[in-house]
Structure formats: C-alpha cells, structure tokens
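# An overview of the molecular structure
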Amino acid sequence: MSAPTEVTVESPADFHVHLRQGELSEVVTPQVRKGGFDLAYVMPNLRPPITKTEQAIAYRERLKAIDSSVDYLMTLYLSPDLTPEEVRKAKEAGIAGVKSYPRGVTTNSDGGIESYEIYYPVFEEMQKCDLVLNLHGEVPSDAASNTCVLNAENAFLPHLKKLHDTFPKLRIVLEHATTRAAVDMVKSLGDTVACTITAHHLAMTVDDWAGQSWNYCKPVAKYPSDRQALQEVVRQGHPKFFLGSDSAPHPASTKSVATPSQPCAAGVYTSPILLPFVAHTLESFGALDRLQGFVSDHGRAFYRRPAGANARRIVLRRVQGIRVEDTWPLGGDRVVPFWAGKEIGWEIGDVSLLKR
Ligand SMILES: NC(=O)N[C@@H](CC(=O)O)C(=O)O
C-alpha cells in the first residue's frame, strides 16, 4: 500500500503544556492553535506558582484574552496552600487537576514537594472530588544514593505505585514518561493511572541532548531502548498513553549556555510544530495509523473531555520536507522551537470546525 498523502485528525488535545506569563505568554499561547491543537492542559509552574483557585481562574482569563479559540484546562501547583477545602473549591470552579513537582528537579520547582505523605488528606479529597493528580515523576539527584538524571525517573516509580495502592480511585497521570520501566509500571497499574508521552521523547535519546542545550529538558531523554519502549506503546495504540507535549518555551538566551556557572534552562518548545511533528515522528516508527488515538481519543477519554465547541477537523498534508525556521522576537531576545533547522514531512492543510 502506498503511503498516504493526507491524514485527517479530529480535535487534537495537548494534555501538558506550559503557556507562561507576561510577554512570553503573549508570544507562545497563540502557537497552540497554530500547532493544530484545540485543548491545552495548562501547567501551573509560574512565578509565583498557581497554587489557589482564584489564581488559576484569573490565569485562564488571561489566556482566553490572548486566544479564545482553545479550551484551557487549568491545574494547581501542589503546595501547602492546597487544603482539602481548596480542593473542593477548585473542583467547583472547573479546575481539572493538581500538578506535583518534586523539589528542585526542574524549571520553577523550588516550591516543590519533599514528601507525599503529608498530602494524603489532600489526595483523599481529590479522590472524592475526582480531581486528577499529575506527577512529575523524578526524584531529586542525590550522589549518596547514586541518583542522577538518568535514573531519577525509575527511582520515582515506587512512589507512583504506592500512591496508586493507597488511593486506587484517584486518577493519576505520570507525566512525560521517558523509560521502559515507566511504561511497564503504568501498564501494570489499574485503569485510574495513565501516562503522557511527549513528541520530543519519541524522537530523542541521551546523545541528542548531551552537548546540545536546545534539546535539554526534564526528564532528560534516556537510552535508545527506552525510546523504543515509548514508540512500541504508541504503536500498540495502548489507551493509557497519550500526548502531553510538555512544550516548555524559554528565552533563547537561557537555552544556550551563557557561562560555565549558569546552567541552561530545562525545556523544549514544540507547540508551533506540534501536530505535523507528531505525525512525522509516528510515521518514522510505523505508527501513523495511531495518530488520532494518541493525540486526541485516549487523553480525552481518560480526562472525560469530549471534543468541545472549539473542536476542529484538521487535514495534514504530506510535503517534500519543510524546514522548521520560525523564531519569535521576545523583547531583545527570541523564542526558538525544537527541531529548528530540521525538516518535517507534514504540514497543516484544511482546518474546519467539527459540526456536532
Ligand atoms: N520539562 C522541562 O524541562 N521544563 C518545564 C518544567 C517541567 O515540566 O519539568 C518548564 O517549565 O520549563
């Protein structure tokens, strides 16, 4: 059978995206739609973090004012501000989930958590109210226990299992999984546990970010065998695994290392190229027929978010190879997307509103 020249996708949803604040937010928020997506599940790691319902509502209004053609699902940053009462309030206000960052593992995680047990009353209430728990699944690096960025995700997995065993009805998403062990763990747990996979982790391994600061993100891409496990589970069309891009823009000056004492910012920026890039990547490992499930159906089913008023039908067209070149001015700086300078074999063609 010859390769398709067009692929149609309905109501793509990005279940993990950083839309930032201030001028950076003005620049990157419209790129969600440009990258083909109807829904953005918005991360709360702003400065200060979004820890309260009112902040999340105000943030959603700011995002809507920038681009009202996307559905924004809001999250709260797990911190001592989150009481069981605040959980109930968040649920009533339509907040979708709570994001947990272990302390110090990634961008704006200084206020992250050190122990899960103290949050058990909060998780209990989240389980009752059916608010989703989103886990950044890494433990902090620690030389004494031989923990570093390469094994930090695997060392986190027992925490995931324990949380699920303790709160079996709490819906939990292990975010941006990068390892075979994580895939196996999520598969082994009950239906209330799902997992996002980014586009860039389907494409990269350690060799792509070691010495290439633009490809550096947390968790870091791991071994070829780990990437293979991510690709296999997407190729299987496994319903527990779906796209969360973790599109994480940073000013260019913070991505390219300035001095030996200044580490580069963690995060790669995929929103502007997201749907064509996911199609390109899935095709590279024989999973193009899984595109609809991976970018829309599985995540929408887990979150119980059927396509809404903003839902669109998107026709992707095969092209000879389009070089990713766009960069966006940001004050005296700029924002540069992942894959810049490389080619993608798909572009967004016709876009129409889904008539329901
Ligand atoms: N993924 C990243 O490397 N960075 C994210 C934070 C996160 O999700 O870890 C960011 O906000 O820049």
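Above this text you will find the structure in question.
What comes next concerns the included structure. (Residues numbered from 1 in each chain as written. Predicted model: local features only at pLDDT ≥ 70, side-chain atom pairs only at ≥ 80, totals over all residues. Heavy atoms only, no water.)

## Some remarks on the site of the ligand
Contacts to the ligand come from 15 residues, most closely from R20, T106, K218, D246 and H250. H136 has a polar side-chain atom sitting 3.3 Å from an oxygen atom of the ligand. A distance of 3.0 Å separates an oxygen atom of the ligand from a polar backbone atom of A266. For the ligand, whose free accessible area comes to 310 Å², the fraction covered by protein is 100%. Counting atoms within 2 Å of the grid points, the majority share of the ligand lands in the largest cavity. The residue inventory of the shell around the ligand, partitioned by class, reads three nonpolar, nine polar and three charged. (Near = heavy atom within 4 Å. Polar contact = N/O pair within 3.5 Å; in protein donor to acceptor, adjacent residues only side chain to side chain. Areas by Shrake-Rupley, 256 points an atom, 1.4 Å probe, with all protein chains shown as cover. 1 Å grid on protein atoms, 1.4 Å probe; cavity = no way out; pocket = protein on both sides within 12 Å on 5 of 7 lines; lining within 4 Å. Sits in = over half its atoms within 2 Å of the grid points. Nonpolar A, V, L, I, M, F, W, Y, C, P; charged D, E, K, R; others polar.)

## Some remarks on the environment of V336
On the secondary structure map, V336 appears in the loop between β12 (333-335) and β13 (343-353). Overall, the relative accessible area of 13% leaves V336 in the buried class. Placed 256 residues apart in sequence, V336 and P80 show a C-alpha to C-alpha distance of 35 Å. Contacts of V336, omitting those with residues within four sequence positions, involve W214, A252, Y269 and T327. (Helix = DSSP H or I, 4+ residues; strand = E, 2+ residues; numbered from the N terminus. Buried < 20%, exposed > 50% of the residue type's maximum accessible area, 1.4 Å probe, protein only. Contact = heavy atoms within 4.5 Å.)

## Comments concerning the sheet that holds strand β2 (residues 13-17)
Strand order in the open sheet formed by eight strands is β2-β3-β4-β5-β6-β7-β8-β9, with parallel pairing between adjacent strands. Edge strands, defined here as strands with exactly one partner in the open sheet, are β2 and β9 (241-243). Recorded for the sheet is a direction-independent mean angle of 25 degrees between the axes of neighbouring strands. Two elements, strand β3 (residues 39-42) and strand β4 (residues 71-77), share four bridges in a ladder whose sense is parallel. When the sheet's bridge partners are listed, A40 is paired in β4 with Y72. (Pairing = 2+ DSSP bridges. Axes fitted to C-alpha atoms, helices over the stretch in contact; angles between N-to-C directions.)

## Thoughts on the layout of surface pockets
In this approach, a probe sized like a water molecule rolls over the atoms, and the result shows the empty space that is left. In this structure, the largest pocket encloses a volume near 290 Å³. K34, P272, I273, P276 and I322 are the residues nearest the centre of the largest pocket, which is lined by 15 residues in total. Broken down by secondary-structure element, the contributors of at least two residues to the lining of the largest pocket are β10 (312-323) and β13. Counting residues per element, the lining of the largest pocket draws most heavily on β13, at four residues. Per-class residue counts for the lining of the largest pocket are 10 nonpolar, no polar and five charged. (Points joined across faces, edges and corners; volume = space filled by probe spheres on them.)

## Some remarks on the packing of aromatic side chains
Scanning the entire structure with this criterion turns up 18 aromatic pairs. With 6.1 Å between their ring centres and 70 degrees between their planes, F242 and Y303 make a pair best called edge-to-face. With a gap of 61 residues between them, F242 in strand β9 and Y303 in helix α13 (residues 291-303) connect regions that are remote in the sequence. Across the pair, exposure class does not vary: F242 and Y303 are buried alike. (Phe/Tyr/Trp six-rings, centres within 6.5 Å; stacked < 30°, edge-to-face > 60°.)

## Concerning the side chain of S69
Mapping S69 onto the fold places it in the loop between α3 (53-66) and β4. At 2.7 Å, the side chain of S69 forms a polar contact with the side chain of D67.

## Re the sheet that holds β10
To summarise the sheet geometry, strands pair through backbone hydrogen bonds and adopt either a parallel or an antiparallel arrangement. On the basis of which strands lie adjacent, the open sheet formed by three strands has the order β1-β10-β13 and antiparallel pairing. Strands at the two margins of the open sheet, each flanked by one partner only, are β1 (6-10) and β13. Direction aside, the axes of adjacent strands within the sheet are offset by 30 degrees on average. Of the pairings in the sheet, the one linking β10 to β13 comprises eight bridges and is antiparallel in character. Following the sheet pairing, R313 is matched in β13 by S352. The sheet strands contacting α13 are β1 and β10, and the helix crosses β1 at an angle near 15 degrees.

## A short note on helix α10 (residues 224-235)
Taking 1.5 Å per residue, 12 residues should reach 16 Å; α10 reaches 16 Å between its end C-alpha atoms and fits that length. Looking at α10, one finds that the buried residues are D226, A229, L230, Q231, V233 and V234. Buried residues belonging to α10 abut α7 (180-188), β8 (193-197), α8 (199-203), β9, α12 (274-284) and α13. Immediately downstream of α10, the backbone of G237 shows phi near 70 degrees, a positive value. (Expected span 1.5 Å × (residues − 1).)

## A short note on the nonpolar core
Generally speaking, nonpolar side chains in soluble globular proteins are found buried as a group. One finds F123, L160 and L291 to be the most contacted residues of the largest nonpolar core, which totals 85 residues. In terms of residues, this core owes the most to one element, α12, which gives six residues. Leave out the neighbours within four places in its chain, and L291 touches V7, V9, V278, A279, L282, S296 and L316. By size, the runner-up hydrophobic cluster in this structure holds 15 residues, among which are A13, Y41, A96 and Y303. (Core = buried A, V, L, I, M, F, W, Y, C linked by side-chain atoms within 4.5 Å.)

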